[in-house]
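Geometric and topological summary
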Amino acid sequence: MSGINRKDLLDITSLSADEILLICDSAKYFKEVFTRSIKKIPVLRGKSVCCLFFEPSTRTRLSFELAAKRLSADFINVTVSSSSVVKGESLIDTMRTLEAMNADFVIMRHQVSLSTEFLARNTSASVINAGDGNHAHPTQALLDSYSLIEKRGSLKGMHIGIVGDIKHSRVARSDIEAFQKLGAKVTLCGPPTLLPDEFKSYGVDMTYDFDDLLPKLDAVNMLRIQKERQKGSHFPSIREYHERFAMTEKRLKNCSKDIIVMHPGPMNRGVEIDDFVADSPNAIINEQVTNGIAVRMAVFYLLMGGKPLESLGSE
Amino acid sequence: MSGINRKDLLDITSLSADEILLICDSAKYFKEVFTRSIKKIPVLRGKSVCCLFFEPSTRTRLSFELAAKRLSADFINVTVSSSSVVKGESLIDTMRTLEAMNADFVIMRHQVSLSTEFLARNTSASVINAGDGNHAHPTQALLDSYSLIEKRGSLKGMHIGIVGDIKHSRVARSDIEAFQKLGAKVTLCGPPTLLPDEFKSYGVDMTYDFDDLLPKLDAVNMLRIQKERQKGSHFPSIREYHERFAMTEKRLKNCSKDIIVMHPGPMNRGVEIDDFVADSPNAIINEQVTNGIAVRMAVFYLLMGGKPLESLGSE
Amino acid sequence: MSGINRKDLLDITSLSADEILLICDSAKYFKEVFTRSIKKIPVLRGKSVCCLFFEPSTRTRLSFELAAKRLSADFINVTVSSSSVVKGESLIDTMRTLEAMNADFVIMRHQVSLSTEFLARNTSASVINAGDGNHAHPTQALLDSYSLIEKRGSLKGMHIGIVGDIKHSRVARSDIEAFQKLGAKVTLCGPPTLLPDEFKSYGVDMTYDFDDLLPKLDAVNMLRIQKERQKGSHFPSIREYHERFAMTEKRLKNCSKDIIVMHPGPMNRGVEIDDFVADSPNAIINEQVTNGIAVRMAVFYLLMGGKPLESLGSE
């Protein structure tokens, strides 16, 4: 394989297992770069990276910003008021404006599923999906995959649980696809109202019984309970949710001793995860943050046409 | 001519035709720079550019930010809450603070006409007016002029229409001055309430009949209808406005075949301009965005004392 | 002395007089750097500086941003909505996220006293306190000290007044400590409700009579009246405050001819200080702004383990 040969990163669906592994291999290299003393390399020197977020986010934006800056790019933030209704037409015009400004990359987050795909077709800039509606969040799935590879060497044969509000989670959708492509078995778990039948089409197992599932898992991804995404009355009380689906000290003790606990952050401590677990050696939540930057550096590099890495000079 | 020999760019009034042409010539050079693969040159390395906007703007701020960064400047955003009342005294103190911080350039947008001139007199930093009240928006007029030169070689003898809310438009005022200085004939067009008699002093023609005017024009600048600027009852309904003054498919077909259609952006598609026109080969709206960055790079360069360009090294 | 040998700068209390003087000496060097034409040196190249402000601030944030950028750091702004309640736990998680992102420095401002100390203990990043509640604002006290040294050579034997809302002022607390450590005598002055007895423990003099105090002073620091900090009914009317405690033309004429007038900015002209004084040669308010950047560059340099400076190469 000579690269990933595409303009955009919009989802996991369109990536092959080999491409996911190439991104992870490259991320390993970039992680070495920025955990050195001098964190900067000139891969994107003179390139412009524009962050266009229609939903608020500190963590993901920051990760892309650091990744771009450590590659020496010019980074531009475009914050779009969440209150202003953005129509399809003006969205295209915004995109065309960024293209006319010669932005090389547009990192986009939008509340509407497939909006990034729609835009990617209408611009020559490289578009990276940083989360579109409930549809996909590919760089999160790539960093989750990389984090598991870093711990276990490979996902082949692993059994991974994804727990929480599956219905509204773009992280879950992208994780399922990435983990399965890399050879893992995935089981979804959550309250019945948040675990719709449509997910069966992914070929995953599904269960409402977290306590039954947990001892069988090699890794578990505890999704953030996003109150702002709950619509209607799908959601039980926080107390009831914690009772049945939180990763607690007691539950951790029923797990495989070396179970890996992941969380996409930011955590609601005491809701979906308790302090004892979040601060235990099983949790790799901080590593996920570090790896997120490395994976995003790798994505920039490969979308620019970068080849598998032997060595890259430091500035 | 050896340069533009001034500290500030506050309006078009104070620029000679030769100076406008020098800026456009320099912009041509800088456009070549950033449409190359490596877009960065060290013209402003170690210089600080501070953006002080008292009115919201994404597009103009972004254009200045990219221009500054592509010249290797440090770019600093100072966002000033539009709700906080800023008094004359504290405005001067803000400016003095930026000067004490050794900002080399202050890009300022303010809702009060002549506020940038007032401040420029009270600071040693270079001040660039990014729009002050209804008064002036010189870099917009420069990029409009450059875009026309790029298409036609010269504005001499061109007949250019400016259409819309002339009364409240700083773009119109600066465009009129720039286009006339470069030898074009300018005709203004809009509803009577938005086309006040005071504009006769510019020596322009004025008409309320867009359909009569259009076939005579070489270029037309469709101003954005800014609902937020409409005060009182000057403004007809959107439907009536569109009927009489919008650039529609039908109207385009009555134009000279190679008429140039400009718009300062962002467009209200379906209000002052229709999709058919905005997306037609006659429209140069995206080129205007690209050229805006080039023109602003040229302005930075020349205000710093830069000489007419033979060649500049790339970093 | 070989450096300041610490990870964090949280207060003045923990600095020795020699360490304060080392920071001021280094600041002198950095001020020379950025008042040259090329203001940038590679001291922090490849390092990430993250600004985490839980209270709004333009001036202090800007000063840190310019200091970091002039040292070639990557600067990242994290704005935290003042309305969102940030609990202790999530504050630690925010900090851990920044640490996992390999931020080398976190500049933090928070409305809760000692919050920066709490966080510094929980991260390996260098934490610089940019103001925590009423507790401390060490870089302000360092720049005030440096500004006085620049004017007088030394603070030994100086008599310095600090005037205004002492009770709520973190600047006052840090200034008192710094000025005393450098050998100055400090007298506090303000309305009785804003000058609590607890300050006697600092070993300062206190008075309610500004007119009696002024002629004895070598320097006076006029604190900003921050209406947003006034709680309850401690505060007299603006008219009454001005009458008794403002630095007016009349009062300046009763001062020592070369009294130094300082203000941490931004000024409320006509409240705690009048135009005549603010714009007089006695005022060093703009120099304080310039010196603030130099002092913050020195703090970055020394916290990174920098040694006393002979010479540093320019980029």
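Keep in mind the model is a prediction, meaning the values are calculated, not measured.

1. Things to note about the sheet that holds strand 1 (residues 48-53) of chain C
Residues and elements named next belong to chain C.
- Spatial ordering of the open sheet is given by 2-1-3-4, a layout of four strands whose pairing is parallel. For this open sheet the edge positions go to strand 2 (74-79) and strand 4 (126-132), each flanked by a neighbour on one side alone. The mean inter-strand angle of the sheet, taken between neighbouring strand axes irrespective of direction, is 15°.
- Where strand 1 and strand 3 (residues 105-110) come together, five bridges link them in parallel fashion. Counterpart to Cys-51 in the pairing with strand 3 is Ile-107.
- On the sheet, helix 11 (residues 285-303) packs against strand 1, strand 3 and strand 4 and is oriented at approximately 145° with respect to strand 4.

2. A word on the relation of the copies chain A and chain B
- Structural alignment of chain A on chain B gives an RMSD of 0.0 Å, achieved by rotating through 120° and translating 0.0 Å along the axis. The two molecules are tied by a three-fold rotation axis, judged by turn and shift.

3. Things to note about the packing of aromatic side chains
- Per the counting criterion, the structure on display carries 18 aromatic pairs over all chains.
- On the numbers, 5.3 Å between centres and 80° between planes, the contact of Tyr-29 of chain C with Phe-30 of chain C is edge-to-face. The pair formed by Tyr-29 of chain C and Phe-30 of chain C is uniform in burial state, with each residue classed as buried.
- Here a set of aromatic residues connected by ring pairs shows up, and it is made of Tyr-29, Phe-30 and Tyr-301 of chain A.
- The ring of Phe-64 of chain A has Arg-296 of chain A lying over it, and the distance from NZ or CZ to the ring centre is 4.7 Å.

4. Details of the interface of chain A and chain B
- Counting residues at the interface gives 19 residues for chain A and 23 residues for chain B.
- Taking both partners together, chain A and chain B bury about 1,900 Å²; carbon and sulfur atoms supply 52% of that area.
- At the junction of chain A and chain B, the tally comes to three salt bridges.
- Viewed at the interface, chain B and chain A are joined by 11 residue pairs in polar contact (both at pLDDT 80 or more).
- Those elements that place two or more of their residues in the side of chain A that touches chain B are strand 2 (74-79) and helix 3 (88-100) of chain A.
- Ranked by residue count, the leading element in the side of chain A that touches chain B is helix 3 of chain A, at six residues.
- Of the residues contributing to the side of chain A that touches chain B, the split by class is seven nonpolar, five polar and seven charged.

5. A look at unusual backbone geometry
- Geometrically, the link from Gly-265 of chain A to Pro-266 of chain A is a cis peptide bond, its omega value of -15° lying close to zero.
- Looking at the secondary structure, you find Pro-266 of chain A in the loop between strand 9 (260-262) and helix 10 (275-278).
- Phi angles above zero are rare outside glycine, and Asn-5 of chain B is one such case at about 45°.
- Among the secondary structure elements, Asn-5 of chain B is positioned in the segment before helix 1 (17-34).

6. Digging into the confidence of the model for chain A
Residue and element names in this part refer to chain A.
- The predicted model of chain A has a mean per-residue pLDDT of 91, with 92% of residues at 70 or higher.
- Considering only residues more than four positions removed or in separate chains, one finds that residues 82-88, a stretch of pLDDT under 50, has five contacts.
- A low-confidence stretch, residues 311-315 stays under pLDDT 50, and its non-local contacts, those more than four residues away or across chains, total 18 contacts.
- Predicted complex, confidence summary: ipTM 0.87, pTM 0.91.

7. Description of the sheet that holds strand 9 (residues 260-262) of chain B
Residues and elements named next belong to chain B.
- Taken together, five strands build an open sheet; the order of strands is 7-6-5-8-9 and the sheet is parallel. Of all strands in the sheet, those bounded by a partner on one side alone are strand 7 (205-207) and strand 9. Ignoring strand direction, the axes of neighbouring strands in this sheet form an average angle of 20°.
- Set on the sheet, helix 6 (residues 170-181) makes contact with strand 5 (159-163), strand 6 (185-189), strand 8 (219-222) and strand 9; between it and strand 5 the angle comes to about 175°.

8. Details of the state of the cysteines
Residues and elements named next belong to chain A.
- This structure, assessed with the given rule, holds zero disulfides over all chains.
- Cys-189 takes part in no disulfide bond, and the closest cysteine sulfur, belonging to Cys-255, lies 12 Å away.
- The exposure class of Cys-189 is buried, given its relative accessible area of 0%.

Criteria and thresholds
Residues numbered from 1 in each chain as written. Chains lettered and ligands numbered in written order. Predicted model: local features only at pLDDT ≥ 70, side-chain atom pairs only at ≥ 80, totals over all residues. Heavy atoms only, no water. Pairing = 2+ DSSP bridges. Helix = DSSP H or I, 4+ residues; strand = E, 2+ residues; numbered from the N terminus. Axes fitted to C-alpha atoms, helices over the stretch in contact; angles between N-to-C directions. Contact = heavy atoms within 4.5 Å. Least-squares fit on C-alpha atoms with pLDDT ≥ 70 in both. Phe/Tyr/Trp six-rings, centres within 6.5 Å; stacked < 30°, edge-to-face > 60°. Buried < 20%, exposed > 50% of the residue type's maximum accessible area, 1.4 Å probe, protein only. Lys NZ or Arg CZ within 6 Å of the ring centre and 35° of its normal. Buried area = accessible area lost by both parts, 1.4 Å probe. Salt bridge = Lys/Arg side-chain N within 4 Å of Asp/Glu carboxyl O. Polar contact = N/O pair within 3.5 Å; in protein donor to acceptor, adjacent residues only side chain to side chain. Nonpolar A, V, L, I, M, F, W, Y, C, P; charged D, E, K, R; others polar. pLDDT = per-residue confidence, 0-100. Disulfide = S-S within 2.5 Å.

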